[in-house]
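# Survey of secondary and tertiary structure
Here is what each chain is made of, one letter per residue.
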Amino acid sequence: MKPDAVLKDLQKKLGANILEARIAEHAEGGKKKHVAKSIWVKVGKSAFKDAVAELCKMHPNIYFAVISGCQEGDIVELNYHFSFNYAEPGEEFFVTLKVALPKSGLSLPTITNLVPGALISERETQEMFGVRIEGIPDPRRIFLDDGFPQGVFPWRRDETGPQKLVKKINEADE
Amino acid sequence: MKGQWCFMAEKETMRHGKQRLDTGAGRGDEETMQHAKGGTSFTISIGPVHPALKEPIQLDFEIEGEKVKNADLRLSQAHRGIEWIGTNRNPIQILYLAERICGICNVCHTLSFCRAVESIANIEVPPRAQYIRTVTAELERIHSHMLWAGVAAHELGFDSVMHYTWRAREKVLDTIEILTGNRVTKGMPTIGGVRRDFPEKHHKRILETVGFYKSIFGKLQDMLLHDPVIEARTRGIGVLKKEEALALCAVGPTARASGVKRDVRQDEPYAAYCDLGVRAITPKEVLGEVHGDVFDRIAVRLAEVAQSADIIEHCVRNIPEGKIVFEEKPIKVLAQLRGAQGEGIGRLEAPRGEVFHYVKMTGQEAPYAWKVKAPTYSNLLSILPMMREAQIADIPIIAASIDP
């Protein structure tokens, strides 16, 4: 499937639940250039799982790379990066599903029943952003030690961020 | 399928009323076992510091007799908060930080970050720089695969092969030193190009290195693929089926050895790979059939050394003339990046698999968000199906076979 067809299909199936959508292009190469395309789709929280299911229907062995994200004000925005058409020379492109979660409702359903390879990333999202992944088969921490303080989320920029754990080099020990 | 691919949960580890004992990191204890009450299974903890492991991770195995029944992995010993540090630095400073994410694939992480930033700021990299990037990345691949071949031989108890492969690796390290000034940390990619040119006088040295690896390739094949002891220790061991590799989103030689033909250089060509037509190597091309075991992973990596040698030779012979960076003064690059807004993905094929960097810039000096995915991150879950039903003696080579 081509990027335009994937986006059209998603828009048809999810309708108004797609809040924003764009296809980005970037040309790169030596003497010949390859135009790398990527789809960025923002979906509502309620339609997130349906969007993943639709992608999995379009590409049965979809490749899931990772969950990235950031926190801005009262919103934690997560990006789920999927890839289409891998193993086809020059045809691969990325689909990024963006979902914005208000701090008052930091939870999202697991996608491990659709993409088992997402487990590590979901565990990481839980501990780094404090987003509760509902139905995650293994909710333990993965990259943070069990002794790391509870309620500190290293990828947040608010009062729960890691700033207070950082000791300034010019501050003497008490 | 829910839960099928999970590592064993804590409560499962503790069933039969067992208590897992710590290995006593650094005390030199190899393994600590505690007998199950009323059962025949044991739990063995290996790590976080253990002679068979190269990085601080802890592997817990549920063992019945000599067989592994289940495995668990704890990675929390080495979280350094690099992404958080990066969001307090400007993109030029991050290059040095990204270079230190992984000692061996330092070009890959820096280059991925550069590609993400270049796509956000719409920076066009000169073709000569793309060729130099490709040559450096492929020299790194040869270095990494030769290092891994030695580690694999060592894990099998075949130290003479380890010494041979590591001695052969010196050639590429010396060449990297001549080209970049350093043996390992190369400091080559920068935003919009590379930091050093390859002058004409160095081309001969690169071609000589390539010729050396081509000349010893037959010997390496004999030692690693035609040796009955290595075959007996690796054939049918640590099998990852194709459907498992696909479901668990495995990458790099781990996925290719299971028959998944994915390689970023082929699927989404970048740098000079657009001119090369690189194709993913699976055991089918090398051996004629796919088993998805440790032997296949050795065969794929070995074939990739030869493939890298061909790529380097082609690039050196066809390198275009021109600039090596779009803007030489870092201060001007930073001024341009300060106005850049948006999100970008930078990815490429590192020796271990796909490296993925996500960068979000909001017009400030430092990126607002930076996410790094190293290849082992994607291959971790694959350890579980590989380890199930394995013998205790095969644990080190299976763990090493994903090149963690």
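Note that the structure is predicted; figures quoted are calculated from it, not measured. (Residues numbered from 1 in each chain as written. Chains lettered and ligands numbered in written order. Predicted model: local features only at pLDDT ≥ 70, side-chain atom pairs only at ≥ 80, totals over all residues. Heavy atoms only, no water.)

## A word on the overall build of chain A
Test applied: Helix and strand labels come from DSSP, where a helix needs a run of H or I of at least four residues and a strand needs a run of E of at least two; each type is numbered from the N terminus. The cut-offs for exposure are 20% and 50% of the maximum accessible area for each residue type, with area from a 1.4 Å probe on protein chains only; residues under the lower value are buried, those over the upper are exposed, and the others partly exposed. In what follows, a contact means two residues having at least one pair of non-hydrogen atoms within 4.5 Å. Methods summary: accessible areas were calculated by the Shrake-Rupley approach with a probe of 1.4 Å, and residue burial reflects only the protein chains presented. Positive: Lys, Arg. Negative: Asp, Glu. His and the chain ends are not part of the count. Charge positions come from single atoms, namely NZ of Lys, CZ of Arg, CG of Asp or CD of Glu.
Summing up its helical and strand segments, chain A has 3 helices and 7 strands in all. Along its sequence from the N terminus, chain A presents helices and strands in the succession α-β-β-α-β-β-β-β-α-β. C-alpha atoms of chain A, sized along the principal axes, occupy 60 × 45 × 30 Å. Looking at chain A residue by residue over its 174 residues, the buried ones come to 57%. A separation of at least 24 residues holds for 52% of the contacts in chain A among residues at least 6 apart in sequence. For chain A, the exposed area adds up to about 7,700 Å²; of that, 51% sits on carbon and sulfur atoms. Side chains of chain A carry 24 positive and 25 negative charges; the gap between the two charge centres is 4 Å.

## Considering the pairing of strand β2 (residues 34–43) of chain A
Residues and elements named next belong to chain A. Applied cut-off: Note on pairing: two strands pair once DSSP finds at least 2 bridges between them.
The element β2 is largely enclosed, with a buried count of 8 among its 10 residues. Sheet topology note: the strand β1 (residues 18–28)/β2 ladder contains 10 bridges and is antiparallel. Bridge assignment links A24 to a residue of β2, and that residue is S38. Linking two consecutive strands that pair antiparallel, namely β1 and β2, is a turn of 5 residues; a positive phi of about 155° is found at G29 within it. Pairing analysis gives 6 bridges linking β2 to strand β5 (residues 93–102), with the strands arranged parallel. Its bridge partner being in β5, V41 is matched across the sheet by L97.

## Section: the side chain of S258(B)
Relative to the helices and strands, S258(B) is located in the loop between α10 (252–256) and α11 (264–267). Not counting the four nearest positions on each side in its chain, S258(B) is found in contact with L240(B), K241(B), K242(B), A245(B), V290(B) and G292(B).

## Considering the packing of aromatic side chains
Heads up, the rule is: Stacked, tilted and edge-to-face are the three classes assigned to paired rings of Phe, Tyr and Trp, where Trp is represented by its six-membered ring and a pair needs centres within 6.5 Å; plane angles under 30 degrees give stacked, over 60 edge-to-face, the rest tilted. Charge-over-ring placement is defined geometrically: NZ (Lys) or CZ (Arg) within 6 Å of the ring centre, and within 35 degrees of the ring normal.
One pass over the full model with this rule turns up 12 aromatic pairs over all chains. Look at W40(A) and Y358(B): their rings are 6.4 Å apart centre to centre, the planes differ by 40°, and that puts the pair in the tilted class. Taken together, the residues span two chains, with W40(A) in strand β2 and Y358(B) in strand β8 (residues 353–362). Exposure class is identical for W40(A) and Y358(B). Each is buried. Among the aromatic side chains, those forming a connected cluster through ring pairs are F48(A), F64(A), Y80(A) and F82(A). Positioned above the aromatic ring of Y368(B) is the side chain of R157(A), whose terminal nitrogen or guanidinium carbon lies 4.0 Å from the ring centre.

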